[in-house]
Amino acid sequence: MKKLDLETFGSNLKKCIKTFNGKGGQKFQKVFEKAYDDEVSNLSDYSIIYRYQSGKKKPSLESLVLIADLLNVSLEELLS
């Protein structure tokens, strides 16, 4: 079993968010906040994304799955 490399995860998360935002639809921050408002997510504060990107905070498996789902990417794509 491979360990989660937070540096790689942070850069992949940045890349996936940039790709998501570049598609011309809603911005990821709005989708993230709407998921919380709709009680799909227990992550209420978008600043957690910045802490994940910088490696200051390690995401839970539940958070990883949720973020991948919101970004419309596979979990493997987000982690590799």
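Our subject is the structure that appears above.
Residues numbered from 1 in each chain as written. Predicted model: local features only at pLDDT ≥ 70, side-chain atom pairs only at ≥ 80, totals over all residues. Heavy atoms only, no water.

K.L.:
Where do I start with helix α3 (residues 47–54) in this structure?
P.N.:
Along an α-helix, a turn takes 3.6 residues, which lines up residues three or four apart on a common side. Along α3, the positions that sit buried rather than exposed are Ile-48, Ile-49, Tyr-52 and Gln-53. Across the axial projection of α3, the buried residues extend over an arc of 140°, all falling on one side. Of the residues flanking the end of α3, it is Gly-55, one or two places downstream, whose phi is positive at about 85°. (Buried < 20%, exposed > 50% of the residue type's maximum accessible area, 1.4 Å probe, protein only. Helix = DSSP H or I, 4+ residues; strand = E, 2+ residues; numbered from the N terminus. Arc of directions from axis to C-beta.)

K.L.:
Looking at this structure, how should I read the environment of Tyr-52?
P.N.:
Its location among the elements puts Tyr-52 in helix α3. Overall, the relative accessible area of 2% leaves Tyr-52 in the buried class. Spatially, the C-alpha atoms of Tyr-52 and Asp-38 are 22 Å apart, while their sequence positions differ by 14 residues. Setting aside residues no more than four positions away along its own chain, Tyr-52 makes contact with Phe-9, Gly-10, Leu-13, Leu-43, Lys-57, Lys-58, Pro-59, Ser-63 and Ile-67. (Contact = heavy atoms within 4.5 Å.)

K.L.:
Is there a simple way to explain the environment of Phe-32 in this structure?
P.N.:
Mapped onto the fold, Phe-32 is located in helix α2 (residues 28–37). In this structure Phe-32 comes out as buried when scored by relative accessible area, which is 0%. Put simply, Phe-32 and Leu-71 are 39 residues apart on the chain and 9.1 Å apart in space, counted from C-alpha to C-alpha.

K.L.:
I tried to follow helix α4 (residues 61–71) on my own but got confused; where do I start?
P.N.:
The set of residues buried in α4 consists of Ser-63, Leu-64, Leu-66, Ile-67, Ala-68, Leu-70 and Leu-71. Asn-72 occupies a position one or two residues after α4 and carries a positive phi of about 60°.

K.L.:
Quick question: what am I supposed to make of the pattern of salt bridges here?
P.N.:
Opposite charge on two side chains permits them to pair, given that their charged atoms come into close proximity. Within this structure, the stated rule accounts for 1 salt bridge. A salt bridge links Asp-38 to Lys-34, with the nearest nitrogen and oxygen atoms 2.6 Å apart. What makes Asp-38 partly exposed here is its relative accessible area of 43%. (Salt bridge = Lys/Arg side-chain N within 4 Å of Asp/Glu carboxyl O.)

K.L.:
Any chance you could explain the nonpolar core here in plain terms?
P.N.:
One recurring pattern in soluble globular proteins is that nonpolar side chains are buried together. In terms of nonpolar packing, the biggest core is built from 22 residues, with Leu-13, Phe-28, Ile-49, Leu-71 and Leu-78 touching the most fellow members. Those elements that provide at least two residues to this core are α1 (6–22), α2, α3 and α4. (Core = buried A, V, L, I, M, F, W, Y, C linked by side-chain atoms within 4.5 Å.)

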